[in-house]
Amino acid sequence: MFKTKNRTRTVVVTMPTSYSQDASDTRDSEVHVIDIENIVDPAGSATEETHGLQIQIEKVSGEQNMNGNGTINSKPKPVNLADVVEKARDTFNRGVTKPIEWRRQQLQNLLRLYTENQNAMIAALQKDLRRSKMEAVLLETDYLINDLKNTLNNLEEWAKPERPSKGLVNMLDDVVIYNDPYGVALVIGAWNYPLQLLLLPMAGAIAAGNVVIVKPSELAVACAQFIAEMIPKYLDNDAVIVVEGGPEETTELLKQKFDYIFYTGGTNVGKIVYAAATKYLTPVTLELGGKSPVYIDSTVDIRVTAKRVLWGKFINAGQTCIAPDYVLCSKEVQDKFIEAARDILKEWYGDDAQKSPDLCRIINSRHFSRLQALVDACKSKIAIGGGCDPKERFIEPTIVANVTGGEKIMEDEIFGPILPIVPVENAYEAIKFINAREKPLVLYVFSKDKDLVSNIVENTSCGGMCVNDTIMHMGVDTLPFGGVGNSGMGAYHGKATFDTFTHKKSCLVKNFAVIGEKLGSMRYPPYNDSKLNKITRLMAKRSMPSLSFLPYLLTFILGAGVSYGIFAWQKIASEDL
C-alpha cells in the first residue's frame, strides 16, 4: 500500500447513523436528511421547520444501528466534531495546505489511490447499487482519474496570480488577482454516485489549497467504508478528514463554522444546508436536481434519439440527478418513440430485464416503495415495463404514455427508471410547460431544426443544456456544471471546481514614483474645478481599438518573412551555380 514518507494518516471520524428518514423528497429522504430541531436560524432562535419542511428522526436504540440499506453496523464511539473542525482550522492557519508543492503531492497521492484501488471501488459500487463494471468505470472511477489528471496538468497555471487589463489611470500600477483558498471546506456527498460526487469536489478543494472535511453518504455503505479506510492511507492526516455518520452528525457538522460548504443532494435538504450556512455567512455550492425535461420534435432520427434518451434515463436505474425526467413531444412522435424503445430495450436487456447484468438496483427499500407507488399510480398508461420485485429492489425500465402535467408522477423528480411522456402540440407549448415549473438542472432538446433549438435556448432557464444527446455534456471539463433556482447554485467540473473553492483576492499595488504621485496629487484638497476636470479626463473610459487581429497580423508577417528568406536563399543559390 502506498504511503508518503514521514507522514501520518488521515483522521477518520466514525459516528453513529440514524435509520428513519422523511420520504417527502426524492433524494432528501435517502441522502442526508437532517434533524433540524437544533439548527439555529440566522435570528438565533431554534426551529423545527425550515421552508415548510418538517423532518423527524427515529433513533435506533442499543449499541447497534441500521442504515438505509438495512445493514446493521456497530455503533462507533462519539467524537466531538467542534474539536475536529477546530483542529482543521489550525492546520489551515499554520499554512500547511497553501504551498503548490503540498497540493501537488496530495493530488498525486489521490491519483495513486484511484489507480491502485480501482477494482475495490468497482466492487463497492457493485455492492451498494449492483452497478455494472462498465457504468462504474465510465461514470465514477475513470471519470475521477481523468478529472484529477486534468487538475494536475493545470495546477500551477490555475493557481498563479492573474493580471487583468488596466486603464490609463493605472498604467504605472500593478493590478493583481490572487487565487486564495477559502480555508476549511465541508464537502457532503450523495449516495447515487457515492465516489464521484464526494471525491471530485474534494480534489478541487485540495487543489485550491483548502483543508477539507468530507462526509460520505451513509446509505452507500460499501463506498463510505472504502472512503473511510482508503483516504487515511494516502492523504495528509491534518488536512483531509473523513466524518462518517448519518443525519445527526450532518446536523452537528452544520452547526460549526466553515469557510465553504459544498453539498450534493435533494432540494429540501439543500435549503436546510443553505439556512445553516447563513449563520456564519458561509458561501455554498448546492448541486441539487429537479425534473429535467426532454423535448423531441419530428425532424429527428427517432431510433438514435430513443437510444440516447433511454441510455441517459436508465443508467444507474435512473438514480441520476441529470437523468431525463420526462419527455415532451407530439403524439405522433410519442408513438414512434415507444415503438423504437420497445425494440431497443429488448436488444439491450433481453426478454427478462431483471436477469440483465447491466441494470442497477434501487438503493434501498423505502426508495423502492416510493417508485413502486408511482408505477401503481399510472398502471393504466404504462406502454412498456412496469414490473417490480421488492426482494431485489428491482424496477423494470418503464415508459408511461399520455401523461398530463397534473399527475402524481409529474410532481417531483422521479429519480428512478420510469419515463413519462407528456404530449404537446409544438415547441411553443413545450416552452410554456417547462417555464411553468421550477428551473431544471438540465434541459435536453432533440431536433435538426437550428432555429427551433435556438428558440428553446433563448426562452427557457435551466442549469445547462445538451442538444441531441443526454448526459454527455458532463464529460466536457470546460463546461461548468451546476443548477439555477431550485436546481442549485454554483458550478464545478474542470477549472470551475478549482475556482469554486478559490476566493479571488483583488490587489492594487502602487509605488512612490514622482510621476505617479504628481498625477495622484490632484485628488488632495484644496479642491477646485481645475483639479476635478483633470481627474475626470484621466479616469474617463475610452473606446480602445480591438487587438484581436494582432495574432493574425503577426502570423502573416512571420509567414511573409519566412517566404522572403526562402526566396532570397534560392536566388543566391542559383547565382552561385
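What counts as what
Within any chain, residue numbers begin from 1 and follow the written order of that chain's sequence. Under the rules for a predicted model, residues below a pLDDT of 70 receive no local features and side-chain atom pairs below 80 are neither given nor counted, while totals for whole chains, interfaces and linings still include all residues. Processing note: side-chain calculations cover all non-hydrogen atoms of the structure and skip hydrogens and water entirely. UniProt positions are given in the numbering used here, feature names are shortened, and annotations may be inferred rather than shown by experiment. The patches reported here contain residues having more than 30% relative accessible area and no salt bridge. Joining distances are 9 Å for like charges and 5 Å for nonpolar side chains (Val, Leu, Ile, Met, Phe, Trp, Tyr). The Shrake-Rupley method, run with a 1.4 Å probe sphere, supplies the accessible areas, and residue values consider only the shown protein chains as cover. Only one rule defines a salt bridge in this text: a Lys or Arg side-chain nitrogen within 4 Å of an Asp or Glu carboxyl oxygen. In this text, helices come from DSSP runs of H or I with a minimum length of four residues, and strands from runs of E with a minimum of two, each type numbered from the N-terminal end. Pairing of aromatic rings covers Phe, Tyr and the six-membered ring of Trp, with a centre-to-centre limit of 6.5 Å; geometry is then stacked below 30 degrees between planes, edge-to-face above 60, and tilted otherwise. Three exposure classes are used, based on accessible area relative to the maximum for each residue type with a 1.4 Å probe and protein chains only: buried under 20%, partly exposed in between, and exposed over 50%. In this analysis, strands are considered paired if DSSP registers two or more bridges between them. Geometry is summarised by axes, namely lines fitted to C-alpha atoms with helices restricted to the contacting stretch, and by angles between N-to-C directions that run from 0 to 180 degrees. The contact rule is simple, with two residues in contact once any of their heavy atoms fall within 4.5 Å.

Within an unreviewed UniProt entry, the label attached to the chain reads Aldehyde dehydrogenase domain-containing protein, and the organism entered is Parnassius mnemosyne. Quoted verbatim from the Sequence similarities (unreviewed entry) heading of the UniProt record, the comment on the chain is "Belongs to the aldehyde dehydrogenase family."

**Student:** What am I meant to see in a nonpolar patch on the surface here?
**Tutor:** On the surface, a nonpolar cluster with roughly 510 Å² of combined accessible area is contributed by Leu168, Met171, Leu172, Ile515 and Leu519. Its place among the elements puts Ile515 in helix H15 (residues 514-520).

**Student:** Any chance you could explain the packing of aromatic side chains here in plain terms?
**Tutor:** Pairs of aromatic rings are described using the distance from one ring centre to the other and the angle between the two planes. The final tally for this structure, using the stated rule, is nine aromatic pairs. Considering the side-chain rings of Phe262 and Phe501, the 5.7 Å spacing of their centres and the 25° angle between planes classify their relative orientation as stacked. Taken together, the residues span a long stretch of sequence, with Phe262 in strand E8 (residues 260-264) and Phe501 in the loop between helix H14 (495-500) and strand E20 (502-509) at a distance of 239 residues. The exposure classification of Phe262 matches that of Phe501, with both residues buried.

**Student:** Please clarify how the pattern of salt bridges should be interpreted in this entry.
**Tutor:** For the coordinates displayed, the defined rule picks out 21 salt bridges. A salt bridge links Glu252 to Lys255; the shortest N-O distance between them is 3.5 Å. Overlapping salt bridges, with partners in common, bring together Glu162, Lys495, Asp499 and Lys504 in one network.

**Student:** How should the sheet that holds strand E12 (residues 382-384) be read in this particular structure?
**Tutor:** Within a sheet, neighbouring strands are paired by backbone hydrogen bonds and run either parallel or antiparallel to one another. On the basis of which strands lie adjacent, the open sheet formed by seven strands has the order E12-E15-E16-E11-E10-E17-E18 and mixed pairing. Of all strands in the sheet, those with a lone pairing partner are E12 and strand E18 (464-467), marking the two edges. Here the strands of the sheet are splayed against their neighbours by 25° on average, with no regard to which way each runs. Sheet topology places strand E11 (residues 326-329) next to strand E16 (residues 418-423); three bridges connect them, and they run parallel. Bridge pairing in E16 places Val327 opposite Ile421. The strands touched by helix H12 (residues 427-435) are strand E10 (293-296), E11, E16 and strand E17 (442-446); relative to E11, the strand with the most contacts, the crossing angle is about 145°. Together, E10, E17 and E18 form the strand contacts of helix H13 (residues 450-459), whose direction differs from that of E17 by roughly 165°.

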